Protein chains: 2
Amino acid sequence: MSRVSIYDTTLRDGSQGEGVNFSLQDKLLLTKRLDEIGVEYIEGGYPLSNPKDFEYFQAVRGLDLKHAKVCAFGMTRRKNAPAETDTCLKALLDAHTPVVTIVGKTWDFHVTEVLGTTLDENCAMIADSVQYCKAQGREVFYDAEHFFDGYRANPEYALRTLKAAAGAGAAAVILCDTNGGTMPERVAEVVAIVTRALPCEVGIHCHNDCELAVANSLAAVRAGATQVQGTMNGIGERCGNVDLISVIANLAMKYKYDVLKPGSLTRLTETSRYAYELANMNARNGQPFVGHSAFAHKGGMHTHAVAKDPSTYEHITPEAVGNERRILVSELSGHSTILSKTAKYQMNHDKALTTKILHAVQDLENVGYEFEAAEASFDLLVRKVAKDHKPWQVDKSLTLYKPWFERISYRVNIEARANGTPITEGTVRLKVAGVVEHTASEGDGPVNALDGALRKALVRFYPRLEEMQLVDYKVRVVNPKAGTAAKVRVVIESRDGTDVWGTVGVSENIIEASWLALCDAIEFKLFKDVERDQK
Amino acid sequence: MSRVSIYDTTLRDGSQGEGVNFSLQDKLLLTKRLDEIGVEYIEGGYPLSNPKDFEYFQAVRGLDLKHAKVCAFGMTRRKNAPAETDTCLKALLDAHTPVVTIVGKTWDFHVTEVLGTTLDENCAMIADSVQYCKAQGREVFYDAEHFFDGYRANPEYALRTLKAAAGAGAAAVILCDTNGGTMPERVAEVVAIVTRALPCEVGIHCHNDCELAVANSLAAVRAGATQVQGTMNGIGERCGNVDLISVIANLAMKYKYDVLKPGSLTRLTETSRYAYELANMNARNGQPFVGHSAFAHKGGMHTHAVAKDPSTYEHITPEAVGNERRILVSELSGHSTILSKTAKYQMNHDKALTTKILHAVQDLENVGYEFEAAEASFDLLVRKVAKDHKPWQVDKSLTLYKPWFERISYRVNIEARANGTPITEGTVRLKVAGVVEHTASEGDGPVNALDGALRKALVRFYPRLEEMQLVDYKVRVVNPKAGTAAKVRVVIESRDGTDVWGTVGVSENIIEASWLALCDAIEFKLFKDVERDQK
């Protein structure tokens, strides 16, 4: 079983996609998740380009990654100047990553016209940059931009640029179909030539402009490439980069290559959805392998046959990629999902309880909830359902739900004059441990004001809430057709010294949705601390 | 230049897609449009399956089609009964189409287990059905369901079913990858064997479960297939059928096959969007060739290079498929981006003005604005900067900025009790045309309440605001580190009868950010209408 390395560039090339914008926290969360499923290389950004990428490279060193090597991306040195004084290369090295990926020019026309230098100097720029970074102890990958177009224009020169990189010590050269216009048989032909001509590993980097990025990546691997670059869900500029989800599933299941780590295939669906949530994008229902509709059967003939034997209309079992079959109108979560989500609570034996949880989840999904990025809200839901399900009390480590406080009322008032910042005041009236607390707080906005008033009321009783802070806040309209009267889903990410957790609230009123997510965040923190203290 | 026939099954197999539902009128409109661009075969439905399909076949005879032959779809005769008395075949013939397409079983396992008959009888069912329809004067296509899976299980028998169809007079046999699980090189290999073994034409019918439907269809054509079946935009069950848009563009532009009719390629984008409209589906921005983002450029390096020479980041010219290039105003904006964005205002000669606009954009981006999805706010910004830039007055068609109303104050109040929906009231005090308007509105949430109060105040002065509605509302935190006190960016999408436009607002207060985006949306509508009326 040959090994193929996965190189994820969601955080760099993916963020070039229209409307894609990761916060620093998003970038770190995605890095952790990709590491967990066994992605080998994670390209974190372009350190020279903006301060957010710079901060990322500082913060990512604090993560305890098990599999992945973080890569910093940058360009070859400037023309006619030494590598040692190049600002871009300096920024690359200052990122302190184990891997640096250097992109350079292949196409003779670009070298002379866009770069404005000689063909020789371009090769020297490539070789010097690779050599310099390698001498500083980095594993160096060389991304050959526009490789297939350059090779068509001048095959000899295109190969020469690769040899410059390989000769200078690049661990791999990556052939980029930057414009996404190359056909699969051509990719296979050129990759075969390059792998024969070079002493190092060869990778492939495809874009989807002809809807052939997956086919091109597979063709390259079959022709000898050992690294595939792409993004989660294929996000990226124009029509996107290749979708690594489809690449991974096809390589592993159709061609039996060794990809990721054992057991990771069944996490593809949740990983895909997590990446969508972080990018604040809507998932694509028809996405191969992991889409909500990927194993949905509507045609009467089909559903009947699938009930008889799923292989009649399914090329793989949905469970193999962590997805699920959907038949008729059951648009929602299935039993298997709930089982796998609640596995940690050791309730597998209790079919009646998992069924109750499933129904609770389905009811909430029907009104717009999504638990993909809100595991803390799901956790609270499990506690709530389990509390009312008397016979179950196996896992002593799970504290059943109890309310930590009761809301009596809240009020928010926002007032603005002709110009300038509005004044916002929130008041809450809670019952905590039998006592009525009535507090108020100003805030930068309504959610901030409510959060302030809530904490003021609670912190006297639960001092560890001081440790907790909100790190992200996202709003998505659930039924966009209704405009400002639509239902909204608020997802809040919170953090304390040890954990990050997501909660969700849904309402037609954004303030109420925020309130629900805020309360879940606080309650999860309180349960979590109690259980940790018991250990 | 070899000819490849396009067989569109949007109305039959496409309508199996989740959420897809064509009215009779939609079906007729799409038929007309497909005929206009030169599609050869249009599969209109399954006459036995439902009354709408039956009505379609009656109505479609009234259309004056220039190129297309309409096809009716149905199954082979039932087992152990003559074709002459078969209800399904009768319904097929009663559709009175020039072509009938008959689907039958290839896979020995399905014949014995699902169909419950003998391998010989299945071949007789195929042959009888084809022969009977042909004897009634129809051109007959035979769709071999599960062909690639059946061929893997029992190649000899799979070929025998095709020969039964060809021997009975089928004009073409179509190899279906029904489950979408076959890899491109396998498709090519099997198609080559089949074309050598059969006297008739061979077609291909792919599904996209492995994200390889386009690659598989192209591989089949290169191996000898002369007909491609698929759907507009790839709609269809599970992950969809192959997207004919991509197939057509690749066949014509990359392989120089003769497809559709001369001049049709430039209509691909409008045809794709028309099909989305009819199916009441949202277009996919990243769709190859025809997506809104397919030729959108965001990265600074990219936009600079594209401005110099589009071929640096485009594999074809967008105009070739009726699409257009878009330069996104993003955090990586430079002068070239602003120049190309403002080209329509004819201010290229005025360097000082574009510099002022660039600075205004950069200042706003620094505090969290993004204009990528907010072209209307960018438009207002250009008007505002241009107004203060005295020397420039070249393009008379651009109305310089003037405020349509002034805000004196607004207030929003949200109150909630222990449970249930909060009550929300918004009040606004505006000065409009010298008059002070003070109005109030309840709403489902604070933005809805403000929107209601704003419209109430303005509609008396600007009645065309009635035409406008909000269609989407998105919120992102700009500096997530600050949690609920972070700055938020609100993006609103609005629509009237003719246009869709995006606006943006940024503030630490979500209500203020929403207010800004709402006001921009209203002002853009008012400017837009004035300018259109002047024309």
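In what follows, the structure referred to is the one given above.
The notes below deal with the structure included here. Keep in mind it's a predicted model, so treat the numbers as computed, not measured.

We now examine the overall build of chain A. Each helix and strand counted, chain A has 17 helices and 16 strands in total. For 535 residues, the compact-globule formula gives about 24 Å, and the C-alpha radius of gyration of chain A, at 26 Å, lands near that figure. Counting only C-alpha atoms, chain A reaches 80 × 65 × 50 Å along its principal axes. Split into buried and exposed, the 535 residues of chain A put 62% on the buried side. The contacts in chain A between residues at least 6 apart in sequence include a share of 67% that link residues at least 24 apart. Carbon and sulfur atoms form 52% of the exposed surface of chain A, whose accessible area is close to 19,600 Å². Side-chain charges in chain A split into 62 positive and 69 negative, and the spacing between the mean points of these groups amounts to 4 Å.

So, on to the pairing of strand β15 (residues 488-495) of chain B. Residue and element names in this part refer to chain B. Two elements, strand β14 (residues 469-477) and β15, share eight bridges in a ladder whose sense is antiparallel. Paired with Val-477 across the bridge in β15 is Val-488. In sequence, β15 turns back onto strand β16 (residues 500-507) through a hairpin of four residues.

Here we come to the interface of chain B and chain A. In this assembly, 107 residues from chain B lie in contact with 108 residues from chain A. Interface area for chain B against chain A, summed over the two sides, is near 8,900 Å², with a carbon-plus-sulfur share of 49%. For the pair chain B and chain A, the interface holds two salt bridges. For A:Glu185, the salt bridge is made with B:Arg222, and the minimal N-O distance between the two is 3.8 Å. Counting the contacts that link chain B with chain A gives 24 residue pairs in polar contact (both at pLDDT 80 or more).

Another aspect to go through is the packing of aromatic side chains. Under the defined criterion, the tally for this structure stands at 30 aromatic pairs over all chains. Taken together, a centroid distance of 5.9 Å and an interplanar angle of 40° make the contact between A:Tyr401 and A:Phe527 tilted. Of this pair, A:Tyr401 sits in the loop between α15 (375-387) and β11 (406-417) while A:Phe527 is found in helix α17 (residues 510-534), placing the two residues 126 residues apart along the sequence. Neither A:Tyr401 nor A:Phe527 differs from the other in exposure class; each is buried. Here the aromatic rings of B:Tyr46 and B:Phe73 are separated by 5.8 Å at their centres, their planes lie at 70°, and the arrangement is edge-to-face.

The strand order across the open sheet built from six strands is β13(A)-β12(A)-β11(A)-β11(B)-β12(B)-β13(B), with neighbouring strands paired in antiparallel fashion. Lying at the two open borders of the sheet, with one neighbouring strand each, are β13 (435-443) of chain A together with β13 (435-443) of chain B. The sheet shows a mean angle of 10° between the axes of neighbouring strands, taken without regard to direction. Across nine bridges, strand β12 (residues 423-432) of chain A lies against β13(A) in antiparallel orientation. Its bridge partner being in β13(A), A:Thr424 is matched across the sheet by A:Gly443. Where α17(A) meets the sheet, it contacts β11 and β12 of chain A together with β11 (406-417) of chain B, and its direction lies at approximately 135° from that of β11(A).

Attention now goes to helix α3 (residues 87-94) of chain A. Residue and element names in this part refer to chain A. For α3, every residue scored as buried is listed here: Cys-88, Leu-89, Ala-91, Leu-92 and Leu-93. Where the residues of α3 are buried, they touch β3 (69-75), β4 (99-105) and α5 (119-135). With a side-chain oxygen lying 3.1 Å from the backbone nitrogen of Cys-88, the N-terminal cap of α3 falls on Asp-86. Downstream of α3 by a residue or two, His-96 has a phi angle that is positive, lying close to 55°.

Strand pairing in a sheet relies on backbone hydrogen bonds, with the paired strands running either antiparallel or parallel. Taken together, the six strands give an open sheet; going across it, the order is β16(A)-β15(A)-β14(A)-β14(B)-β15(B)-β16(B), and neighbouring strands pair in antiparallel fashion. Of all strands in the sheet, those bounded by a partner on one side alone are β16 (500-507) of chain A together with β16 of chain B. Each neighbouring strand pair of the sheet contributes to a mean axis angle of 20°, computed without reference to strand direction. On top of the sheet, helix α1 (residues 24-36) of chain A reaches β14 (469-477), β15 (488-495) and β16 of chain A together with β14 of chain B; it is set at about 75° to β15(A), its chief contact.

With that out of the way, let us pick up the nonpolar core. The biggest cluster of nonpolar side chains holds 195 residues, and the ones touching the most others in it are A:Leu162 and B:Leu162. Every residue in contact with A:Leu162, bar those within four places of it in the chain, is listed here: A:Tyr142, A:Ala144, A:Phe147, A:Val173, A:Leu175, A:Val194 and A:Leu198. Among the nonpolar cores identified, the runner-up in size contains 84 residues, and B:Trp404, B:Leu465, B:Val477 and B:Ala513 belong to it.

The next thing to look at is the pattern of salt bridges. Tallied over the entire structure, the rule returns 72 salt bridges over all chains. The salt bridge partner of A:Asp64 is A:Lys66, with a shortest N-O separation of 2.7 Å. Assigned by exposure class, A:Asp64 and A:Lys66 land together as exposed. Where B:Arg3 meets B:Asp258, a salt bridge forms, and the shortest distance between an N and an O atom there is 3.0 Å. One end of the pair, B:Arg3, is in the segment before β1 (5-8); the other, B:Asp258, is in the loop between α10 (244-254) and α11 (268-279), with 255 residues separating them in the sequence. In this structure B:Asp258 comes out as partly exposed when scored by relative accessible area, which is 25%.

Residues and elements named next belong to chain B. Contact geometry for helix α16 (residues 446-458) and helix α17 (residues 510-534): axes closest at 10 Å, N-to-C directions at 35°. Two packed elements cross with a definite hand, and for α16 against α17 that hand is right-handed. Counted together, Pro-446, Val-447, Leu-450, Asp-451, Leu-454 and Leu-458 of α16 and Ile-511, Ser-514, Trp-515, Leu-518, Cys-519 and Ile-522 of α17 form the full contact between these two elements. Taken together, the residues of the contact of α16 with α17 break down into 10 nonpolar, one polar and one charged.

Examined against the element boundaries, A:Glu211 turns out to sit in the loop between β7 (201-206) and α9 (213-222). As a buried residue without a salt bridge, A:Glu211 has its nearest oppositely charged side chain in B:Arg284, at a separation of 4.8 Å. A polar atom in the side chain of A:Glu211 sits 2.6 Å from the side chain of B:Ser246. Sequence-distant contacts of A:Glu211, defined by excluding residues within four places in its chain, comprise B:Asn208, B:Val214, B:Asp243, B:Ser246 and B:Pro288.

Bringing the state of the cysteines into the picture now. Residue and element names in this part refer to chain A. This structure, assessed with the given rule, holds zero disulfides over all chains. No disulfide involves Cys-200; its sulfur sits 13 Å from that of Cys-176, the nearest cysteine. Relative accessible area serves as the criterion here: at 15%, Cys-200 is assigned to the buried category. No disulfide involves Cys-206; its sulfur sits 8.8 Å from that of Cys-176, the nearest cysteine. By relative accessible area, Cys-206 is classed as buried at 1%.

What follows concerns unusual backbone geometry. Residues and elements named next belong to chain B. Residue His-96 is not a glycine yet carries a positive backbone phi of 55°. Judged by relative accessible area, His-96 falls into the partly exposed class, the value being 45%. One non-glycine residue, Ala-433, adopts positive backbone phi at about 50°. Inspection of the secondary structure assignment puts Ala-433 in the loop between β12 (423-432) and β13. By relative accessible area, Ala-433 is classed as exposed at 64%.

When a strand is regular, its side chains alternate between the sheet's two faces. Residues and elements named next belong to chain A. For strand β2 (residues 41-45), the buried fraction is high: five of the five residues fall into the buried class. Sheet topology note: the strand β1 (residues 5-8)/β2 ladder contains two bridges and is parallel. Within the sheet, the bridge partner assigned to Asp-8 lies in β2 and is Ile-42. Read as a crossover between parallel neighbours, the route from β1 over α1 to β2 is right-handed. The pairing of β2 with β3 spans four bridges and is parallel. Each residue of the ladder has a partner; that of Glu-43, found in β3, is Cys-71.

Next up on the list: the packing of helix α5 (residues 119-135) of chain B against helix α7 (residues 155-167) of chain B. Residue and element names in this part refer to chain B. Packing of α5 against α7 brings their axes to within 8 Å, and their N-to-C directions diverge by 25°. Judged on the interaxial angle alone, α7 and α5 are roughly parallel. When you trace α5 past α7, the crossing you get is right-handed. On α7, the residues that touch Leu-119, Asp-120, Asn-122, Cys-123, Ile-126, Ala-127 and Val-130 of α5 are Tyr-157, Arg-160, Thr-161, Ala-164 and Ala-165.

Rules and cut-offs
- Residues numbered from 1 in each chain as written.
- Chains lettered and ligands numbered in written order.
- Predicted model: local features only at pLDDT ≥ 70, side-chain atom pairs only at ≥ 80, totals over all residues.
- Heavy atoms only, no water.
- Helix = DSSP H or I, 4+ residues; strand = E, 2+ residues; numbered from the N terminus.
- Rg over C-alpha atoms; globule rule 2.2 N^0.38 Å.
- Buried < 20%, exposed > 50% of the residue type's maximum accessible area, 1.4 Å probe, protein only.
- Contact = heavy atoms within 4.5 Å.
- Areas by Shrake-Rupley, 256 points an atom, 1.4 Å probe, with all protein chains shown as cover.
- Lys, Arg positive; Asp, Glu negative; His and termini not counted.
- Charge placed at Lys NZ, Arg CZ, Asp CG, Glu CD.
- Pairing = 2+ DSSP bridges.
- Buried area = accessible area lost by both parts, 1.4 Å probe.
- Salt bridge = Lys/Arg side-chain N within 4 Å of Asp/Glu carboxyl O.
- Polar contact = N/O pair within 3.5 Å; in protein donor to acceptor, adjacent residues only side chain to side chain.
- Phe/Tyr/Trp six-rings, centres within 6.5 Å; stacked < 30°, edge-to-face > 60°.
- Axes fitted to C-alpha atoms, helices over the stretch in contact; angles between N-to-C directions.
- Core = buried A, V, L, I, M, F, W, Y, C linked by side-chain atoms within 4.5 Å.
- Left-handed = near helix turned anticlockwise from the far one by under 90°.
- Nonpolar A, V, L, I, M, F, W, Y, C, P; charged D, E, K, R; others polar.
- Disulfide = S-S within 2.5 Å.
- Right-handed = clockwise from strand over helix to strand, strands pointing away.
- Parallel < 35°, antiparallel > 145°, perpendicular 65-115°, else oblique.

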